[in-house]
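Coordinate analysis (summary)
Read off the chains here:
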Amino acid sequence: MREFDYQRAHDVAGAVALLGADPDTRYLGGGTNLVDLMKTGVERPARLVDIRELPLDEIETTPEGGLRIGATVTNGDLAAHPEVRRRYPALAQAVLAGASGQLRNMATVGGNLLQRTRCGYFTDVTQPCNKRVPGSGCPAIQGEHHNHAILGASDHCVAVHPSDMAVALTAFDAVVLFETAEGPGQVPLADFYLPVGDTPHRETALPPGALITGVTLPPAPVAARSRYRKVRERASYAFAIGSLAAALDVRDGVVRDVRLALGAVASRPWRAAAAERVLTGAPATAETYAAAANAELAAARPLPHNGYKVDLVRNLVVAVLTELAEETAR
């Protein structure tokens with residue numbers, strides 16, 4: 001591991017000033033991803049700025065009736081918060097599905113959003129990887145890719161984003177708040193993660209030196225009837241091979257409102273907008289749910305060893321929406 005300096009920030013402005021636009025400095029929250037990458041040599045910061053003492057660890061109701069979640073709120077506190085569990089149960093479920101209790105008690109909301117892919121070629125510094133070394137190639141396309149992207153990938157990268165939490169936040173139109181030397185800013189989570197294109201090393205729309213200060217969730221009555229379902233290769237904690245955050249409002253047998261976001265199928269949480277359009281105003285039936293999934297999956301471009309994800313996602317959408325509709329009818 002490269003030697004590094006360590007400094008502790010005591011206020012937001014001080015943290016931003018310490019980082020500046022220095023590409024060799026990183027913010028340190030829980031460190032559950034960053035420190036692992038430092039140990040393997042993927043990340044080699046010259047300095048860490050510890051932000052855990054910043055006053056960003058609260059979950060508050062907004063004047064509009066949504067929630068504001070501070071960037072240093074731990075995943076454990078997020079999942080346990082009564083308003084999160086009541087208003088956005090899929091978000092609490094996603095966080096609980098994401099890691100063990102020990103990791104949840106360390107990991108932070110801001111760090112979760114910025115965690116990097118677990119693609120084996122990315123985490124192995126002896127291998128080429130366009131995300132780690134731009135222009136070096138993407139060996140996953142011809143190599144091991146059974147858990148890689150089927151949507152939104154390119155010839156330059158087929159890795160998937162690992163976050164469960166971000167999938168649920170995407171379904172509920174979350175907005176990321178940040179601070180820079182020029183002042184505060186915000187970006188919808190739908191625009192936060194950049195398309196892969198030919199620059200997979202550019203992962204987010206955050207300005208250089210920006211510090212994530214929180215996430216806001218707008219009021220969404222439909223979110224109270226929501227669920228997060230994660231499919232993984234073992235029962236213990238593992239990254240998803242496919243996941244779904246879904247919320248559904250059915251009245252008189254017709255879908256009045258729906259939110260869908262997919263995980264482990266693209267380089268970013270995938271808002272299933274095409275499926276939502278098919279569902280809205282349509283009969284709440286298994287046939288409609290399957291047609292909606294097919295509309296979303298029409299853009300899928302699976303590789304030789306991950307085509308199973310197409311059927312997996314279709315079955316996941318049908319199963320979860322069926323469950324939600326049955327619960328609504330009770």
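This text goes with the structure placed above it.
The model shown is predicted, which means the values in this text are computed figures rather than measured ones.

Regarding helix H1 (residues 12-19)
Turning to H1, its buried residues number three or more, namely Val12, Ala15, Val16 and Leu19. Looking down the long axis of H1, one finds its buried residues gathered within 95 degrees of arc, a one-sided arrangement. In H1, those exposed residues whose orientation departs by more than 90 degrees from the buried face are Ala13 and Ala17. Where H1 is buried, its residues meet strand E2 (25-28), strand E3 (47-50), strand E6 (175-180) and strand E8 (211-217). Where H1 begins, the capping side chain belongs to Asp11, and its oxygen is found 3.3 Å from the backbone nitrogen of Ala13. Downstream of H1 by one or two residues, Gly20 has phi in the positive range, about 55 degrees.

Topic: the sheet that holds strand E1 (residues 5-8)
Taken together, the three strands give an open sheet; going across it, the order is E1-E3-E2, and neighbouring strands pair in parallel fashion. Whereas interior strands pair on both sides, the edge strands pair on one side only; in this sheet they are E1 and E2. For this sheet, the mean inter-axis angle between neighbouring strands, taken without regard to orientation, is 25 degrees. Pairing geometry for E1 and E3, over four bridges, is parallel.

So, the pairing of E2
Judged from the four bridges that link them, E2 and E3 form a sheet pairing that is parallel. Its bridge partner being in E3, Thr25 is matched across the sheet by Arg47. Handedness of the crossover joining E2 and E3 through helix H2 (residues 34-40) is recorded here as right-handed.

Looking at the nonpolar core
Leu78, Leu91, Leu113, Leu169 and Phe192 are the most contacted members of the largest nonpolar core, which totals 54 residues. In contact with Leu78, other than residues within four places in its own chain, are Ile59, Ile69, Val73, Val84, Leu91, Val95, Val109 and Met165. Among the nonpolar cores identified, the runner-up in size contains 32 residues, and Leu262, Ala272, Val310 and Leu321 belong to it.

Quick word on the pattern of salt bridges
By the definition in use, this model includes 19 salt bridges. Between Arg227 and Glu323 there is a salt bridge, with its nearest N and O atoms 2.5 Å apart. Taken together, the positions of Arg227 in strand E9 (residues 226-231) and Glu323 in helix H13 (residues 308-329) put the pair 96 residues apart, joining distant regions of the chain. By relative accessible area, which is 16% here, Arg227 ends up buried. When the shortest N-O distance is used, the salt bridge between Arg229 and Glu323 registers 2.6 Å.

Side note on helix H5 (residues 89-98)
Counting buried residues in H5 gives seven out of ten residues, a clear majority hidden from the surface. Looking only at H5, the buried set comprises Pro89, Ala90, Leu91, Ala92, Ala94, Val95 and Ala97.

Regarding the sheet that holds strand E5 (residues 67-70)
If you trace the five strands from one edge of the open sheet to the other, you get E4-E5-E8-E6-E7, paired in antiparallel fashion. Pairing within the sheet leaves two strands with one partner each, and these edge strands are strand E4 (59-61) and strand E7 (183-188). Going from strand to strand, the sheet's axes swing by 25 degrees on average, the running direction of each strand aside. Across the sheet, H1 lies against E6 and E8, angled at about 130 degrees from E8, the strand it touches most.

Rules and cut-offs
- Residues numbered from 1 in each chain as written.
- Predicted model: local features only at pLDDT ≥ 70, side-chain atom pairs only at ≥ 80, totals over all residues.
- Heavy atoms only, no water.
- Buried < 20%, exposed > 50% of the residue type's maximum accessible area, 1.4 Å probe, protein only.
- Helix = DSSP H or I, 4+ residues; strand = E, 2+ residues; numbered from the N terminus.
- Arc of directions from axis to C-beta.
- Contact = heavy atoms within 4.5 Å.
- Polar contact = N/O pair within 3.5 Å; in protein donor to acceptor, adjacent residues only side chain to side chain.
- Pairing = 2+ DSSP bridges.
- Axes fitted to C-alpha atoms, helices over the stretch in contact; angles between N-to-C directions.
- Right-handed = clockwise from strand over helix to strand, strands pointing away.
- Core = buried A, V, L, I, M, F, W, Y, C linked by side-chain atoms within 4.5 Å.
- Salt bridge = Lys/Arg side-chain N within 4 Å of Asp/Glu carboxyl O.

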